[in-house]
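# Geometric and topological summary
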Amino acid sequence: MQIQSLFIQPHADGKTGDISEFTKHFWSFTTQQRIALPTCVAFCISSTSNCVVLQDNHIKTSKYNIFTFLPINLFEQFQRVANGYFLVLLILQLIPEISSLSWFTTIVPLVLVLLVTAVKDATDDYVSSALYSFSSECSFVLHAKGKWMNVRVGDIIKLENNQFVAADILLLCSSEPYGLCYIETAELDGETNLKVRQALTVTSDLGDITKLMNFDGEVICEPPNNKLDKFTGTLYWRDNKYPLDNDNMLLRGCVLRNTEWCFGMVIFAGLQTKLMQNCGRTTFKRTSIDKLMNTLVLWIFAFLICMGVVLAIGNTVWESWIGRNFQVFLPWDESQRSAVFSGFLAFWSYIIILNTVVPISLYVSVEVLRLGHSYFINWDRKMYHSQTDTAAEARTTTLNEELGQVEFIFSDKTGTLTQNIMVFRKCSIDGRTYGMELSKTACVDFSFNPLCDRRFRFYDSTLVEAIKLEDPAVQEFFRLLALCHTVMPEEKSEGHLVYQAQSPDEGALVNAARNFGFVFRARTPETITLCEMGQAVTYQLLAILDFNNVRKRMSVIVRNPQGQIKLYSKGADTVIFDRLDPSSEDLMYTTSEHLSEFAGEGLRTLALAYKDLDEDDFEIWMKKLLFASTVIENREDQLGALYEEIEQGLKLLGATAIEDKLQEGVAETIACLNLADIKIWVLTGDKLETAMNIGYSCNMLRDDMNEVFVVSGHTLQEVQQQLSKFLCWKNKSIYLVYLRGVRFVVSWQAHALEPLLEHILLDVACLCKTVICCRVTPMQKAQVVELVKRHKRAITLAIGDGANDVSMIKTAHIGVGISGQEGTQAVLASDYSFAQFRYLQRLLLVHGRWSYFRMCNFLCYFFYKNFAFTLVHFWYGFFCGFSAQVRILPDLSVFLKDVDDRTSLRYPGLYKPGQQNLLFNKRLFFLCTLQGMGTSFLLFFIPYGAFSVMVKEDQQAFAVTIATSLVIVVSVQIGLDKHYWTAVNHLFIWGSVTVYFAILFAMQSNGMFGILPSNFPFVGTARSCLSEQSVWLVILLTTVVCVVPGLAVSFLRVDLFPTLTDKQSRKREGPQGQNLRRVRRTSSRRSAYAFSHQQGYGELITSGKNMRASAVSSAHSPGRTPHSSNWIENMLKRKNEVSCISDESGDRAKNRLPSSSTEPELH
């Protein structure tokens, strides 16, 4: 398909005015003038004359509408084989020659089942059919009527700060200099750091109504696709063409930050937006038990045919040999021409009579059971989050039992596992640690600092005392934090500072420096102003050595008021330690131990160092930098080499430790789910280091695991080699998938998921205890879930809180939405929702396990009871001349619970039977049917033999005896299967027996005979039969004989083959506490510097483009420098080159250092 064209042809005459008057002027126009404002004329494929129908921004998540509900819902319901079976049965019952039952006995329950299910499906769909379009109004929309849902392609809209972007928009202009704006893309890629978008220079000055009205550009762009990191287009305007890329676009799902307002033109709307292209289709989800029941119904139907054939043959033989002798008393009907034809009619009659072997009440009972489970989830107060007033919600009623069979959980990171809150917890300065546990000391009093953040908390007063005593190391430490960053300050009122940080890491560090007396107040392209212990100090900003993924550090060069030139650097400890001056070696060892302690607590660590620069040396270096920044070839390499040159010989100051706050109970929940044999995979759009650090924080990655492997190949062959090499390390514990390139080259991101590699990828991943996929797009999340679903045939659950998680939520068997801070789109697409990740433990181990247990026990009991009931007619056929006569028997249902919720959470291993399908499968089905057959045989032949001895010929008394025996036997059986007796159990079990007798006496009463004498002719039969002691003795004998074998088997099974529930019920002590406790890391060190940081902010600051200032300094492009992954080897290599230390002494020095935590890469 060729690229598509978007033609914008506005013509309007309107009043002029500034931006603040835009809305007022617009609504003063006439209707004709408004219609003539910018809007889309055509959206066509350039190579053909076919036009693509443009969509508005109206998006629904519902499956049905008023016209499609009936056909689609009926199609879905008749995918159940039993519903189709009963439809055929209904047609047969309309034929009077073969039906001994009225047709309404089938049509009424069938219609009831279809109606109840349809109402349930409609209710579920209505609840989840909230529009994806945002309910709030746009700040200003040309042509549309103000609602997001009314926005169309070509409309020019105005966005204001903190507003969601609900369409894919081409940025035209903004309130910031040079047409810049800042966005948060958490719903797209899970990253909370700010990103920069910039309008084209030619449109950045369209901040005037007249200029916007005269905008008559033509945009040619790519067709709608799901590539979030790529956009290709061209703007044709004023006889010139301007290239468009992703840096000019605001995608649906972004949030405008730190920008007062901006104007943009809608390029894609509704389902054509890139976010919605990643969301996938809404599919009809069915449980594994539903699929199994379809198979069992087919088997039962085949068994029913066999019984019908046997009885039809019996009817033919009986009519041929015996029936002819009774033609005078039992003449054939006019349609009955021969014994063979009589057998043919008997076959269909028995198909109708024995249809209860597949009872339609089964599906009604299943739906009622599921509905009850859904209400239990909704009513669970232990899953209610009081802070946000959010209760758990079962948004569907069809998947409850599958919650008890989950084997794989696919979780998002940002907002699902974490709170997106960074907190400065501890630090190491000049070999001393500061910061204590919250419970060990009181919060520090920062009242001495009028500019402090009242919300900041720190729990070690000795650090404040060191500041007040003017400790030079401590002051230099916080001075570095206040100077070395890319944060933008905003002082809304005197003393009320708001920091706009590109990453939450930097925001936490600058805020910490602020509270300890080094307040970052303002910046220009050339200066940085601090308030140091109440004194204003301005530093001249000479250069910013920007961060990138290769350097893993950031540096600034400043001149202080005393004229000294200083370089301040912060970054990953592995790269900072490698560049230290030999005089800092002892301090490095001490700080390294502190870093290991911080990392052992799951904190994100960062090393800080500085260097005094000579004036002459700096001037020479600066000239080299200016020259390198202007070269055409290898500019980044030359800049990187210069950065490397000046960042040598640093002096260590210390290290920081930031807590990336997890949601409450995340680590404990993951540990508990692991004990239940549930595999948890994290799928996130964040960077590798961020994902790994969170993995350590929540105990998914631990130091007792053998190794962490990173697969990061750039080509198909590299990825294949790395995956194959891992298979040689099957004894390793961890596997970390790194799907790279989301931001760079699109072809990189999907190599591991290509058909040639997906099998080996899955094999390798399943060998590991933990799998973390980072840098994945929303569509790749769905592909990973689909890969496991397709090849492992395991029940999968996806959980997330943002729009970037919708695709995997829809793809998984079960989708769970977190009601978090990234909107409600994940909740709208989910099957279950709640406020905190920790509630997943209760949803699965309690509600899921109960639902599965109840459903399985219900099905086993139901098939047992129905075979016992139905086959009585089969045995009776041999004694009634195969005449297809019937006797009516009652029906029951069941509701069980084996252990309480505390036991389910205390023993996660109780969840495993559901994963292995142990409680209901084909084997258990056959055992239940055999038990039912045996019970039916005893139920018929024990009363038959007793009545023969008693010489009783009353067929109705015989039927009452069998029916009563059946009701008592199945009631006793269900009572024996109970694990807990409650008032509800007593009510349903003994209430069913009471109702049976009430109906029995009512049906054979004088009153019913008087109303419908032809339908109720057996007056007084029950009263007469049950008044005889011999009948009750027969009932007692039948009950004992039917129940005792099953009771004996149950006792033997508990002793010889106990289940997990049986074993745990015998234990009085709980599991060892260490299983669920958070394991403290003690050795491995993970630097956490700027994991969500973005390259290029240094250049943006020094260029002054993001500031309202006229002076703009020359820009410096970020550089890259190659570095070894092993910082110890690099440091020793450097030392060997300088002092010619021998290899032996180098080895000894290496052995003195703590173990490195840099991850080995497979090549």
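Predicted model, so just to flag it, every value in this text is computed and none were measured.

### Comments concerning the pairing of strand β20 (residues 518–523)
In the case of a regular strand, side chains alternate between the two sheet surfaces. With five bridges connecting them, β20 and strand β21 (residues 527–532) associate as antiparallel partners. Note on β21: the bridge partner recorded for V519 is C531. The antiparallel hairpin formed by β20 and β21 contains three residues in its connecting segment.

### Considering the UniProt feature "transmembrane region" (unreviewed entry) in the protein
Annotation from UniProt places "transmembrane region" (unreviewed entry) at residues 101–119, 296–318, 338–364, 924–945, 957–976, 988–1011 and 1031–1054. Helix makes up 100% of residues 924–945 and strand 0%, and the two end C-alpha atoms of the span are 31 Å apart. The span residues 1031–1054 is 100% helical and 0% strand by assignment, and the distance between its end C-alpha atoms comes to 35 Å.

### Re unusual backbone geometry
Glycine aside, a negative phi is what most residues show, and trans is what most peptide bonds show. Positioned with a positive phi, D239 is a non-glycine residue whose angle comes to about 65°. D239 sits in the exposed class, given a relative accessible area of 83%. Here D677, not a glycine, exhibits a phi torsion of approximately 65°, which is positive. You can see D677 is positioned in the loop between α19 (666–675) and β27 (679–683). For D677, a relative accessible area of 41% puts it in the partly exposed group.

### Re the pattern of salt bridges
Under the criterion given, the structure shown has 25 salt bridges. Taking the shortest distance from any N to any O, the salt bridge between R553 and E647 comes out at 2.6 Å. On the criterion of sequence distance, the pair formed by R553 in strand β23 (residues 553–559) and E647 in the loop between α18 (635–646) and β26 (651–662) is long-range, its members being 94 residues apart. E647 matches R553 in its accessibility class, with the two residues each being buried. For the salt bridge of R790 with E786, the shortest nitrogen-to-oxygen distance reads 3.9 Å.

### A closer look at the confidence of the model for the protein
Of all residues in the protein, 72% attain a pLDDT of 70 or more, and the chain-wide mean is 75. Residue range residues 130–140 is modelled with pLDDT below 50. Its contacts to residues more than four positions away, or to other chains, number 45 contacts. Across residues 1109–1163, where pLDDT falls below 50, the model places 120 contacts with residues more than four positions away in sequence or in other chains.

### Some details on helix α34 (residues 1029–1056)
In this model, α34 (28 residues) spans 40 Å end to end at C-alpha, consistent with the 40 Å of a helix rising 1.5 Å per residue. In the structure, α34 departs most strongly from a straight axis at V1044, where the bend amounts to approximately 25° and where the proline P1045 lies between one and four residues downstream. Looking at the buried positions of α34, the neighbouring elements they touch are α29 (922–949), α30 (955–977) and α33 (1021–1025).

### Focus: the nonpolar core
Counting residues in each nonpolar core, the largest one holds 76 residues, and the members touching the most others are V358, L362, F858, L859 and F920. A total of 18 residues in this core trace back to one element, the largest contributor, which is helix α26 (residues 839–877). For V358, the residues in contact, after removing those within four places along its chain, are A82, Y85, F86, V297 and I300. The next biggest cluster of nonpolar side chains, apart from the first, holds 55 residues, and it includes A508, L530, V537 and V556.

### Notes on the environment of D430
Looking at the element boundaries, D430 is found in the loop between β16 (418–429) and β17 (432–434). Since its relative accessible area comes to 51%, D430 is described here as exposed. Spatially, the C-alpha atom of D430 lies 7.8 Å from that of V474, the residues being 44 residues apart in sequence. The contact partners of D430, leaving out residues within four places of it in the chain, are A473, L587 and L653.

### Things to note about the sheet that holds β26
Here we have nine strands laid out as an open sheet, ordered β17-β16-β26-β25-β24-β23-β22-β21-β20, and antiparallel in their pairing. The open sheet has two edge strands, β17 and β20, and neither has a second partner. Averaged over all adjacent pairs, the angle separating strand axes in this sheet is 30°, with direction ignored. Where β16 and β26 come together, eight bridges link them in antiparallel fashion. Directly across from V423, in β26, lies its bridge partner E659. Along the sheet, helix α14 (residues 504–515) contacts β16, β20, β23, β24 (565–571), β25 (604–613) and β26; its crossing angle with β16, the most-contacted strand, is approximately 50°. Its contacts with the sheet put α18 on β22 (535–545), β23, β24 and β25, and the angle it makes with β22 is roughly 130°.

### Some points on the packing of α30 against α34
In the contact formed by α30 and α34, the axes pass within 9 Å of each other and the chain directions differ by 35°. The handedness of the crossing between α30 and α34 comes out as right-handed. In this structure, α30 contributes T961, T964, S965, I968, V969, V972 and L976 to the contact, and α34 contributes V1031, W1032, V1034, I1035, T1038, T1039, C1042, V1043 and L1047. Tallied by class, the residues present in the contact of α30 with α34 amount to eleven nonpolar, five polar and no charged.

### Examining the packing of aromatic side chains
Inspection of every chain in the model, using the stated rule, returns 33 aromatic pairs. With a centroid separation of 5.8 Å and an interplanar angle of 35°, the aromatic rings of F303 and F867 are classed as tilted. Of the two residues, F303 is situated in helix α9 (residues 288–321) and F867 in helix α26; the sequence distance between them amounts to 564 residues. Between F408 and W681, the aromatic rings sit 5.8 Å apart at their centres with planes inclined by 90°, giving edge-to-face as the arrangement. Note that F408 is positioned in strand β15 (residues 406–411) and W681 in strand β27, a separation of 273 residues in sequence. With respect to burial, F408 and W681 carry one shared label: buried. Aromatic rings pair up to connect F424, F446, F448, F456, F458, F477, F478 and F516 into one cluster.

Conventions used here
- Residues numbered from 1 in each chain as written.
- Predicted model: local features only at pLDDT ≥ 70, side-chain atom pairs only at ≥ 80, totals over all residues.
- Heavy atoms only, no water.
- Pairing = 2+ DSSP bridges.
- Helix = DSSP H or I, 4+ residues; strand = E, 2+ residues; numbered from the N terminus.
- UniProt positions renumbered as here; feature names shortened; annotations may be inferred.
- Buried < 20%, exposed > 50% of the residue type's maximum accessible area, 1.4 Å probe, protein only.
- Salt bridge = Lys/Arg side-chain N within 4 Å of Asp/Glu carboxyl O.
- pLDDT = per-residue confidence, 0-100.
- Contact = heavy atoms within 4.5 Å.
- Expected span 1.5 Å × (residues − 1).
- Bend = angle between axes of the 7 residues up to and from the residue.
- Core = buried A, V, L, I, M, F, W, Y, C linked by side-chain atoms within 4.5 Å.
- Axes fitted to C-alpha atoms, helices over the stretch in contact; angles between N-to-C directions.
- Left-handed = near helix turned anticlockwise from the far one by under 90°.
- Nonpolar A, V, L, I, M, F, W, Y, C, P; charged D, E, K, R; others polar.
- Phe/Tyr/Trp six-rings, centres within 6.5 Å; stacked < 30°, edge-to-face > 60°.

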